[in-house]
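Structure at a glance
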Amino acid sequence: ESSENLGQRLSESTTETEFGTSGIERQFEQVAKVINAARKGAWTGKPERQAFFVQQGGFDAHGGPAGTQNGLANIDNALSSFTTEMLVTGAWDDVVVLTASDFARTLTDNGLGTDHGWGGNMFIAGGLVRGGQVFGKFPNRYAECDDGCPLNIDARGRL
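Residues numbered from 1 in each chain as written. Predicted model: local features only at pLDDT ≥ 70, side-chain atom pairs only at ≥ 80, totals over all residues. Heavy atoms only, no water.

1. Remarks on the overall build of the protein
When its secondary structure is counted, the protein shows 3 helices and 2 strands. From first element to last, N terminus to C terminus, the protein shows the α and β order α-α-α-β-β. Burial status across the protein gives 29% buried among its 159 residues. Intrachain contacts of the protein at a sequence separation of at least 6 include 56% that bridge at least 24 residues. With an accessible surface of roughly 10,900 Å², the protein has 52% of that area assigned to carbon and sulfur atoms. (Helix = DSSP H or I, 4+ residues; strand = E, 2+ residues; numbered from the N terminus. Buried < 20%, exposed > 50% of the residue type's maximum accessible area, 1.4 Å probe, protein only. Contact = heavy atoms within 4.5 Å. Areas by Shrake-Rupley, 256 points an atom, 1.4 Å probe, with all protein chains shown as cover.)

Here's what the structure looks like:
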(Lines give C-alpha, C1' and ligand atoms only; values in the text may rest on other atoms or scores of the structure.)
Protein backbone atom coordinates (compact mmCIF):
# COMPACT_ATOMS: atom_id res chain seq x y z
CA GLU A 1 0.00 0.00 0.00
CA SER A 2 1.10 3.57 -0.51
CA SER A 3 2.91 5.59 2.13
CA GLU A 4 -0.03 8.04 2.15
CA ASN A 5 -2.37 5.19 3.00
CA LEU A 6 0.01 4.03 5.72
CA GLY A 7 0.07 7.54 7.20
CA GLN A 8 -3.73 7.65 7.24
CA ARG A 9 -3.97 4.25 8.93
CA LEU A 10 -1.40 5.21 11.54
CA SER A 11 -3.12 8.48 12.32
CA GLU A 12 -6.23 6.42 13.13
CA SER A 13 -4.31 3.84 15.19
CA THR A 14 -4.08 4.27 18.96
CA THR A 15 -2.35 2.68 21.91
CA GLU A 16 -3.79 1.62 25.25
CA THR A 17 -0.56 2.56 27.02
CA GLU A 18 0.89 6.03 27.53
CA PHE A 19 4.34 6.46 26.05
CA GLY A 20 6.86 9.12 27.06
CA THR A 21 8.23 11.91 24.91
CA SER A 22 11.85 10.90 24.32
CA GLY A 23 12.83 9.94 20.79
CA ILE A 24 13.10 6.23 21.53
CA GLU A 25 9.75 6.21 23.33
CA ARG A 26 8.05 7.91 20.37
CA GLN A 27 9.63 5.37 18.01
CA PHE A 28 8.36 2.44 20.07
CA GLU A 29 4.93 4.04 20.22
CA GLN A 30 4.87 4.25 16.42
CA VAL A 31 5.86 0.58 16.14
CA ALA A 32 3.08 -0.31 18.60
CA LYS A 33 0.60 1.62 16.46
CA VAL A 34 1.65 -0.26 13.32
CA ILE A 35 1.33 -3.61 15.13
CA ASN A 36 -2.05 -2.66 16.58
CA ALA A 37 -3.36 -1.47 13.22
CA ALA A 38 -2.17 -4.65 11.50
CA ARG A 39 -3.80 -6.83 14.16
CA LYS A 40 -7.08 -4.98 13.63
CA GLY A 41 -6.99 -5.71 9.89
CA ALA A 42 -5.89 -2.28 8.66
CA TRP A 43 -4.01 -3.84 5.74
CA THR A 44 -5.06 -6.42 3.23
CA GLY A 45 -2.74 -9.37 2.96
CA LYS A 46 -0.94 -9.79 6.27
CA PRO A 47 2.84 -10.27 5.84
CA GLU A 48 4.32 -13.37 7.45
CA ARG A 49 6.93 -11.30 9.31
CA GLN A 50 7.36 -7.63 10.04
CA ALA A 51 10.59 -6.02 11.20
CA PHE A 52 10.89 -2.58 12.75
CA PHE A 53 14.00 -0.61 13.58
CA VAL A 54 14.31 1.94 16.37
CA GLN A 55 17.47 3.59 17.57
CA GLN A 56 18.92 5.50 20.49
CA GLY A 57 22.15 7.41 20.10
CA GLY A 58 24.11 9.56 22.50
CA PHE A 59 26.29 6.95 24.16
CA ASP A 60 29.59 8.45 23.04
CA ALA A 61 30.17 10.04 26.44
CA HIS A 62 33.92 10.61 26.76
CA GLY A 63 33.30 13.20 29.48
CA GLY A 64 31.40 10.93 31.84
CA PRO A 65 28.43 8.64 32.25
CA ALA A 66 25.56 11.19 32.41
CA GLY A 67 24.54 10.83 28.76
CA THR A 68 24.68 7.07 28.98
CA GLN A 69 22.54 7.01 32.13
CA ASN A 70 19.89 9.25 30.55
CA GLY A 71 19.91 7.19 27.36
CA LEU A 72 19.50 3.95 29.29
CA ALA A 73 16.63 5.43 31.31
CA ASN A 74 14.86 6.39 28.07
CA ILE A 75 15.35 2.89 26.68
CA ASP A 76 14.04 1.38 29.92
CA ASN A 77 10.92 3.56 29.79
CA ALA A 78 10.36 2.83 26.10
CA LEU A 79 10.69 -0.93 26.57
CA SER A 80 8.42 -0.86 29.60
CA SER A 81 5.67 1.03 27.74
CA PHE A 82 6.05 -1.12 24.62
CA THR A 83 5.94 -4.37 26.60
CA THR A 84 2.86 -3.19 28.50
CA GLU A 85 1.14 -2.24 25.23
CA MET A 86 1.91 -5.58 23.64
CA LEU A 87 0.64 -7.41 26.74
CA VAL A 88 -2.65 -5.50 27.03
CA THR A 89 -3.38 -5.84 23.31
CA GLY A 90 -2.54 -9.56 23.24
CA ALA A 91 0.37 -9.18 20.84
CA TRP A 92 3.27 -10.01 23.21
CA ASP A 93 3.47 -13.67 22.15
CA ASP A 94 3.89 -12.55 18.53
CA VAL A 95 6.66 -10.03 19.24
CA VAL A 96 10.41 -10.36 19.71
CA VAL A 97 12.55 -7.40 20.75
CA LEU A 98 16.23 -7.67 19.93
CA THR A 99 18.95 -5.20 20.83
CA ALA A 100 22.14 -4.86 18.85
CA SER A 101 25.11 -2.57 19.17
CA ASP A 102 28.50 -2.16 17.59
CA PHE A 103 29.48 0.20 20.35
CA ALA A 104 30.78 -0.33 23.86
CA ARG A 105 33.12 1.19 26.39
CA THR A 106 36.34 0.14 28.02
CA LEU A 107 36.11 -1.04 31.60
CA THR A 108 38.77 1.35 32.89
CA ASP A 109 38.84 5.16 32.98
CA ASN A 110 41.21 7.17 30.77
CA GLY A 111 41.05 10.21 33.07
CA LEU A 112 38.25 11.87 31.07
CA GLY A 113 35.78 9.00 30.95
CA THR A 114 36.14 5.78 29.03
CA ASP A 115 37.23 4.86 25.53
CA HIS A 116 35.48 3.01 22.74
CA GLY A 117 35.16 -0.74 23.16
CA TRP A 118 34.33 -3.41 20.59
CA GLY A 119 30.71 -4.36 21.13
CA GLY A 120 27.88 -4.15 23.60
CA ASN A 121 25.63 -6.38 25.62
CA MET A 122 22.61 -7.74 23.80
CA PHE A 123 19.29 -9.11 24.92
CA ILE A 124 16.20 -10.69 23.40
CA ALA A 125 12.72 -10.38 24.91
CA GLY A 126 9.27 -11.51 23.87
CA GLY A 127 6.30 -13.52 25.00
CA LEU A 128 7.58 -16.81 23.63
CA VAL A 129 11.27 -16.21 24.32
CA ARG A 130 12.67 -18.70 26.81
CA GLY A 131 14.53 -16.30 29.07
CA GLY A 132 16.76 -16.65 32.06
CA GLN A 133 19.80 -17.69 30.04
CA VAL A 134 23.11 -15.92 29.66
CA PHE A 135 25.32 -16.83 26.73
CA GLY A 136 28.99 -16.05 26.57
CA LYS A 137 31.58 -15.82 29.28
CA PHE A 138 32.66 -12.82 31.34
CA PRO A 139 36.45 -12.53 31.70
CA ASN A 140 38.10 -13.37 34.99
CA ARG A 141 40.66 -10.57 34.76
CA TYR A 142 41.30 -7.31 32.94
CA ALA A 143 45.07 -7.17 33.07
CA GLU A 144 47.12 -6.59 29.96
CA CYS A 145 47.37 -9.69 27.83
CA ASP A 146 49.69 -10.72 25.05
CA ASP A 147 48.43 -12.40 21.90
CA GLY A 148 47.69 -15.51 23.95
CA CYS A 149 44.95 -13.79 25.96
CA PRO A 150 41.88 -16.01 25.64
CA LEU A 151 39.38 -13.15 25.25
CA ASN A 152 41.51 -10.46 23.57
CA ILE A 153 41.39 -8.11 26.52
CA ASP A 154 43.73 -5.14 26.27
CA ALA A 155 45.30 -3.20 29.14
CA ARG A 156 42.31 -0.88 29.53
CA GLY A 157 39.72 -3.61 29.78
CA ARG A 158 38.58 -3.32 26.19
CA LEU A 159 36.69 -6.48 25.31
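2. Quick word on the environment of Val-96
Assignment of secondary structure puts Val-96 in strand β1 (residues 96-98). Judged by its relative accessible area of 59%, Val-96 is exposed. Sequence separation of Val-96 and Val-129 is 33 residues, and the distance between their C-alpha atoms is 7.5 Å. Once residues within four sequence positions are removed from consideration, Val-96 is found in contact with Ile-124, Ala-125, Gly-126 and Val-129.

3. Describing the pattern of salt bridges
A full pass over the atoms with the stated rule returns 2 salt bridges. A salt bridge links Glu-29 to Arg-26; the nearest nitrogen and oxygen atoms lie 3.0 Å apart. Note that Glu-29 and Arg-26 are positioned in helix α2 (residues 23-39) at a spacing of 3 residues, about one turn of the helix. The class for Arg-26 is partly exposed, based on a relative accessible area of 44%. As a salt-bridge pair, Asp-94 and Arg-39 come within 3.0 Å of each other at their nearest N and O atoms. Here Arg-39 lies in helix α2 and Asp-94 lies in the loop between α3 (66-88) and β1, a separation of 55 residues in the sequence. (Salt bridge = Lys/Arg side-chain N within 4 Å of Asp/Glu carboxyl O.)

4. What about the nonpolar core?
Within the largest apolar cluster, 14 residues are counted, with the highest numbers of intra-cluster contacts made by Phe-28, Ile-35, Phe-82, Met-86, Val-95 and Val-97. Setting aside its immediate chain neighbours within four residues, Met-86 contacts Ala-32, Ile-35, Asn-36, Ala-91, Trp-92 and Val-95. (Core = buried A, V, L, I, M, F, W, Y, C linked by side-chain atoms within 4.5 Å.)

5. With respect to the confidence of the model for the protein
Here the protein shows a mean pLDDT of 79. Residues at 70 or above account for 70%. Across the protein, element-level confidence peaks in β1 with a mean pLDDT of 94 and bottoms out in helix α1 (residues 3-12) with 79. (pLDDT = per-residue confidence, 0-100.)

6. Side note on the side chain of Ser-81
With respect to the helices, strands and loops of the structure, Ser-81 is situated in helix α3. Engagement of the side chain of Ser-81 in a polar contact is seen with the backbone oxygen of Glu-18, the distance being 3.4 Å. Once residues lying within four places of it in the same chain are set aside, the contact partners of Ser-81 are Thr-17, Glu-18 and Phe-19. (Polar contact = N/O pair within 3.5 Å; in protein donor to acceptor, adjacent residues only side chain to side chain.)

7. As for α2
An ideal rise of 1.5 Å per residue puts 24 Å on 17 residues; α2 measures up with 25 Å between its terminal C-alpha atoms. Counting buried residues along α2, 12 of its 17 residues qualify, which places the element largely inside the surrounding structure. Listed in full, the buried residues belonging to α2 are Ile-24, Glu-25, Phe-28, Glu-29, Val-31, Ala-32, Lys-33, Val-34, Ile-35, Asn-36, Ala-37 and Ala-38. Downstream of α2 by one or two residues, Gly-41 has phi in the positive range, about 80 degrees. (Expected span 1.5 Å × (residues − 1).)

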